[in-house]
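Coordinates in review
Below are the chains, spelled out letter by letter.
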Amino acid sequence: MPAAATPLVELENLRTDVDTALRAHLARLGEEVAEIGPGTAALTEHVSTLLDGGKRLRAAFCYWSFRAHGGAPTGATRDAVVRIGAALELFQAAALLHDDVMDASDTRRGRPTAHRVFAARHGDNAWTGDGERFGTAVAILLGDLCLVACHREAAAALDAVEPTIARAARDLFDTMTSEVVVGQYLDVLVQAEPWGLDPVADEQRARTVLRSKSARYSVERPLALGAVLAGAGAEEVEAISAVGLPVGEAFQLRDDLLGVFGDPAVTGKPAGDDLREGKHTVLVARTLADGGEEARALLSKHLGDPELSAEDVSALRDTMTASGAVDDVEALIDELASAALERLASSDLSSPGREVLADLARVAVDRRA
């Protein structure tokens, strides 16, 4: 099930151009992979399927920041920004592939996850060894392949850019990729550490994870990359980053709500999947803080149980809602997004870029998938 696209990513032919860049990269990669050995076409075929479902929001944030900072709608630099958008999508694919393995997720965007697909392929062909282990290994390698691909696409894009700007963009892109890897570690760490003893500290840890793992690379870094590629100075890059981080945090908080309350027909993931995975989120921390002993007991019993029934999921949802945690998180999303939009509205960024960025921010935090 491809993700529902917002018409905003179609403006100035952006989605078509990013998709064209992705197809070109995957075609080259497919030829390269095929020369290495037989049976390898399945790798790039699966990446192509995964990329087909993306919303292209990261590419759009980068492009429209470029335009808002004075970048031209045509020309070599514009083409480079499109290719950076493609690199961001490849990086997103790498992150999703690894994330699905770590979370033992069964579906992504309504389709089986890579490790499940390749485990099934193992079984269908009656290959020797453990099928699940095979699927996990292939999914990790696919994530690595996408990570290499994203850096190759970014490097090729920046070859067409003025060297000083290219170096700044390269450094920013590299920082972003390191942040996400470390953020993933922090996520794994916070799942392993004691939880529920100090809900205030729990929430602080959860917000640290969502900023480093998701908020920065989903919104802040794409916005900063677009600004850098337009030739913006340090103060302008800092200013757009100050818009991007709260929007990115609100984006991830919305994702956390959808992970519990989202409609599977829209999100492409089973209802309550985050509860079965036992994710330690701001929503959980607020429920523990405000829900009383009964809520704490229920979460302690059920959070992280992969066999949660639909009734158990419903009971946890009801508890979270009754505790006021859902309203609290909605209020926090609104607070973060409103502050960012006010900063954007008062900026001297160019039109139509400023207005499109504001609309993209609203889409990111108000989405249903």
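Residues numbered from 1 in each chain as written. Predicted model: local features only at pLDDT ≥ 70, side-chain atom pairs only at ≥ 80, totals over all residues. Heavy atoms only, no water.

Before going further, it helps to examine the overall build of the protein. Along the backbone of the protein there are 16 helices and two strands. Taken over C-alpha atoms, the radius of gyration comes to 21 Å for the protein, in line with the 21 Å a tight globule of 369 residues would show. On the principal axes, the C-alpha backbone points of the protein span a range of 60 × 60 × 30 Å. Here the protein holds 369 residues, and 52% of them are scored as buried. Pairs at least 24 apart in sequence give 75% of the contacts found in the protein among residues at least 6 apart. Accessible surface, the protein as shown: approximately 16,000 Å² in total, 54% of it carbon and sulfur. The averaged location of the 59 negative side-chain charges in the protein is 3 Å from the averaged location of its 37 positive side-chain charges. (Helix = DSSP H or I, 4+ residues; strand = E, 2+ residues; numbered from the N terminus. Rg over C-alpha atoms; globule rule 2.2 N^0.38 Å. Buried < 20%, exposed > 50% of the residue type's maximum accessible area, 1.4 Å probe, protein only. Contact = heavy atoms within 4.5 Å. Areas by Shrake-Rupley, 256 points an atom, 1.4 Å probe, with all protein chains shown as cover. Lys, Arg positive; Asp, Glu negative; His and termini not counted. Charge placed at Lys NZ, Arg CZ, Asp CG, Glu CD.)

Here the focus is unusual backbone geometry. Cis peptide bonds are those with omega within 30 degrees of zero, and the linkage from Ser351 to Pro352 qualifies with 5 degrees. Here Pro352 shows up in the loop between helix H15 (325-345) and helix H16 (353-366). Positive phi is not limited to glycine here, since Asn13 has a value of about 65 degrees. Within the element layout of this structure, Asn13 appears in the segment before helix H1 (14-36).

Time to look at the nonpolar core. Most often, soluble globular proteins keep nonpolar side chains buried together rather than apart. Formed by 106 residues in total, the largest nonpolar core has its most connected members in Ile84, Leu357 and Leu360. Sequence-distant contacts of Leu360, defined by excluding residues within four places in its chain, comprise Leu8, Leu57, Ala60, Phe61 and Trp64. (Core = buried A, V, L, I, M, F, W, Y, C linked by side-chain atoms within 4.5 Å.)

The subject of this paragraph is the pattern of salt bridges. One pass over the full model with this rule turns up 31 salt bridges. Here Asp19 ties to Arg56 by a salt bridge, and the two come within 2.8 Å at their closest N and O atoms. With a gap of 37 residues between them, Asp19 in helix H1 and Arg56 in the loop between helix H2 (41-52) and helix H3 (57-68) connect regions that are remote in the sequence. In this structure Asp19 comes out as buried when scored by relative accessible area, which is 16%. According to the relative accessible area criterion, Arg56 is buried, its value standing at 4%. Sharing partners across several salt bridges, the network here consists of Arg15, Asp19, Arg56 and Glu89. (Salt bridge = Lys/Arg side-chain N within 4 Å of Asp/Glu carboxyl O.)

Each aromatic ring pair is specified by the distance between its two centres and by the angle formed by the two planes. Inspection of every chain in the model, using the stated rule, returns four aromatic pairs. Their ring planes at 90 degrees and their centres at 5.2 Å tell us that Tyr63 and Trp64 sit as a pair that is edge-to-face. When its relative accessible area of 2% is taken as the criterion, Trp64 is described as buried. Ring geometry for Phe91 versus Tyr217: centroids 5.4 Å apart, planes at 90 degrees, classification edge-to-face. A residue pair is termed long-range when its members are at least 10 positions apart, and Phe91 in helix H4 (residues 76-103) and Tyr217 in helix H8 (residues 199-229) qualify at 126 residues. Side by side, Phe91 and Tyr217 carry an identical accessibility label, which is buried. Ring pairing ties together the aromatic residues Tyr63, Trp64 and Phe66, which thus form one cluster. When the ring centre of Phe251 is taken as reference, the NZ or CZ atom of Arg367 above it lies at 3.9 Å. (Phe/Tyr/Trp six-rings, centres within 6.5 Å; stacked < 30°, edge-to-face > 60°. Lys NZ or Arg CZ within 6 Å of the ring centre and 35° of its normal.)

Next up on the list: the environment of Ala149. As for its placement among the helices and strands, Ala149 is situated in helix H6 (residues 131-158). Since its relative accessible area comes to 3%, Ala149 is described here as buried. It is 6.7 Å that separates the C-alpha atoms of Ala149 and Leu90, two residues lying 59 residues apart in sequence. Once you skip the residues sitting within four places of it in the chain, Ala149 turns out to touch His25 and Leu90.

Let us now look at the side chain of Asp187. Its place among the elements puts Asp187 in helix H7 (residues 163-192). Owing to a relative accessible area of 12%, Asp187 belongs among the buried residues under this scheme. Among all residues touching Asp187, those that are not within four sequence positions of it are Val209 and Lys213.

Here we take up the packing of helix H12 (residues 282-290) against helix H14 (residues 310-323). Closest axis-to-axis distance for the H12/H14 pair is 9 Å, and the angle between their directions is 65 degrees. On the basis of the axis angle, H12 is roughly perpendicular to H14. The handedness of the crossing between H12 and H14 comes out as left-handed. Touching Leu283, Val284, Thr287 and Asp290 of H12 are Thr319, Met320 and Ser323, all from H14. Residue composition of the contact of H12 with H14, by class: three nonpolar, three polar and one charged. (Axes fitted to C-alpha atoms, helices over the stretch in contact; angles between N-to-C directions. Parallel < 35°, antiparallel > 145°, perpendicular 65-115°, else oblique. Left-handed = near helix turned anticlockwise from the far one by under 90°. Nonpolar A, V, L, I, M, F, W, Y, C, P; charged D, E, K, R; others polar.)

Let us look at the state of the cysteines. A full pass over the atoms with the stated rule returns zero disulfides. Among the cysteines around Cys150, which has no disulfide bond, Cys146 carries the closest sulfur, lying 8.6 Å off. Given the relative accessible area of 0%, Cys150 is considered buried. (Disulfide = S-S within 2.5 Å.)

The end-to-end C-alpha distance of H14 is 20 Å, a good match for the 20 Å that 14 residues give at a rise of 1.5 Å each. Here H14 has its buried residues at Val313, Leu316, Thr319, Met320 and Ser323. Down the axis, H14 shows its buried residues gathered within 125 degrees of arc, on one side only. Of the exposed residues in H14, those oriented more than 90 degrees away from the buried face are Ala310, Glu311 and Ala322. Structurally, H14 contributes buried residues whose contacts are with helix H9 (234-261), helix H11 (273-277), H12, helix H13 (292-302) and H15. (Expected span 1.5 Å × (residues − 1). Arc of directions from axis to C-beta.)

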